[in-house]
Amino acid sequence: MSTAGQVIRCKAAVAWESGKPLSIEEVEVAPPQKNEVRIKIPFTSLCHTDVYFWDAKGQNPMFPRILGHEAGGIVESVGEGVTDLEPGDHVLPIFTGECKECAHCLSEGSNMCDLLRINTDRGGMIHDGKSRFSINGKPIYHFLGTSTFSEYTVVHVGQVAKINPEAPLDKVCVLSCGMSTGFGATVNVAKPKKGQSVAIFGLGAVGLAAAEGARVSGASRIIGVDLNPSRFEQAKKFGVTEFVNPKDHDKPVQEVIVEMTGGGVDRSVECTGSIQAMISAFECVHDGWGVAVLVGVPNKDDAFKTHPVNLLNERTLKGTFFGNYKPRTDIPAVVEKYMNQELELDKFITHSVPFSEINKAFELMLAGEGLRCVIRMDA
């Protein structure tokens, strides 16, 4: 492309300070350096993690910053050493990576890359610690190595999944974070067998993706647990068959589920980050074979407490990160599931706004409306 090797000037939504509306600015995006890729972003979507770091409560505030990490894009140019991507490739930039060389990447079971695993405090690129974004010479911090709230962004090649060019980027963009996290937690980690029962704690976007995983796996009963009854109707579209609101009962919800199922569910997936939900998710699975999977991120001072006999009675507790998917190796196949109509994504996308109205996407999420809002960068 004619812009290769040159600074690109484009629009980006900049977070200048905590909790203040994003501002659409003209930014300079430097060319990619060693092992980096510059990507044109036609579609991005908003995830709770963006809102959490924009609000900057409970972590290191880093401003000015370009947020965004769920997106689909097209490679504009590549830096030195990049051999498996070329201009024109369709890609998903991903908040965590796969260097393909460390012990984790070389292992069959782990996706916790030593070099590129999620780092919320890194504001520059790994190669030189510097930002590729600037306004009038002043650097603007990166976010999660992706910064997709910009018409162009620069990403480490290890955080870029090359996908089928026929896949619609305005749909598959949601696979670069939340949908894969929930779906993979069920199909890759909980692994329910056909006909088994699954409890899903938390019916937000990630929890419903976990429910979709249970539906695709052929679960016979999918029990949704949430404190918000308004989520129950929508959850039926994702295969949820029964609902439990812990507020409706005068006993712990795990006891309610054990009674409902005659001993406990076969699998549970926790997608809230609430420590009490985590404990309930573990204690509601059946002894002898039950598996509970934790997805939600707890508060830093939380402690998981359960009686050891719950483990001795052959219940299994697992944790997962990004659905146990290796970004470059596995995500292209998840896109193919969508292309083959084995996985539904359209029902996750409840809103769409032009880039000029990106703050509306934040308002919708803060109001708890909808699941995913896709932001059209060219509008």
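As the structure is a computational prediction, the values presented were derived from the model and not from experiment.

1. Concerning the sheet that holds strand β10 (residues 197-201)
Here comes step 1: Strand order in this open sheet of six strands is β12-β11-β10-β13-β14-β15, and the pairing throughout is parallel. Looking at the sheet topology across the chains shown, the edges are occupied by β12 (242-244) and β15 (316-319). This sheet shows a mean twist of 20° between the axes of neighbouring strands, independent of strand direction.
Here comes step 2: As defined by bridge partners, β10 adjoins strand β11 (residues 221-225) across five bridges and the pair is classed as parallel. Bridged to Ser 197 within β11 is Arg 221.
Here comes step 3: Together, β10, β11 and β12 form the strand contacts of helix α7 (residues 253-261), whose direction differs from that of β11 by roughly 160°.

2. A short note on the pairing of strand β17 (residues 372-376)
Here comes step 1: For β17, the tally of buried residues reaches four of five residues, placing the bulk of the element in the interior.
Here comes step 2: Sheet topology note: the strand β3 (residues 36-45)/β17 ladder contains three bridges and is antiparallel. Paired with Ser 45 across the two strands is Val 374, which belongs to β17.
Here comes step 3: Pairing analysis gives five bridges linking strand β16 (residues 349-354) to β17, with the strands arranged parallel. Along β17, the bridge assignment pairs Ile 349 with Arg 372.
Here comes step 4: Handedness of the β16-helix α11 (residues 358-366)-β17 crossover: right-handed.

3. Some details on the state of the cysteines
Here comes step 1: One pass over the full model with this rule turns up zero disulfides.
Here comes step 2: Free cysteine Cys 99: the closest other cysteine sulfur is in Cys 113, separated by 3.7 Å.
Here comes step 3: The buried category is assigned to Cys 99, whose relative accessible area is 15%.

4. Digging into the sheet that holds strand β7 (residues 138-140)
Here comes step 1: Spatially, four strands are ordered β1-β2-β6-β7 in an open sheet, and the strand pairing comes out antiparallel. Among the strands making up the open sheet, the edge pair consists of β1 (8-14) and β7. For this sheet, the mean inter-axis angle between neighbouring strands, taken without regard to orientation, is 50°.
Here comes step 2: Here β1 runs beside strand β2 (residues 23-29); their pairing, made up of seven bridges, is antiparallel. If you follow Cys 10 over to β2, its bridge partner there is Val 27.

5. Observations concerning the nonpolar core
Here comes step 1: Grouped together as the largest cluster of nonpolar side chains are 99 residues, with contacts concentrated most on Phe 149, Val 172, Leu 175 and Leu 345.
Here comes step 2: With sequence-adjacent residues up to four places away left out, Leu 345 is seen in contact with Lys 171, Val 172, Val 174, Leu 175, Met 179 and Tyr 338.
Here comes step 3: Ranked by size, the runner-up nonpolar core spans 15 residues in total, among them Ala 199, Val 225, Val 244 and Ala 281.

The rules behind each value
- Residues numbered from 1 in each chain as written.
- Predicted model: local features only at pLDDT ≥ 70, side-chain atom pairs only at ≥ 80, totals over all residues.
- Heavy atoms only, no water.
- Pairing = 2+ DSSP bridges.
- Helix = DSSP H or I, 4+ residues; strand = E, 2+ residues; numbered from the N terminus.
- Axes fitted to C-alpha atoms, helices over the stretch in contact; angles between N-to-C directions.
- Contact = heavy atoms within 4.5 Å.
- Buried < 20%, exposed > 50% of the residue type's maximum accessible area, 1.4 Å probe, protein only.
- Right-handed = clockwise from strand over helix to strand, strands pointing away.
- Disulfide = S-S within 2.5 Å.
- Core = buried A, V, L, I, M, F, W, Y, C linked by side-chain atoms within 4.5 Å.

The analysis is restricted to geometry; functional conclusions fall outside its scope.
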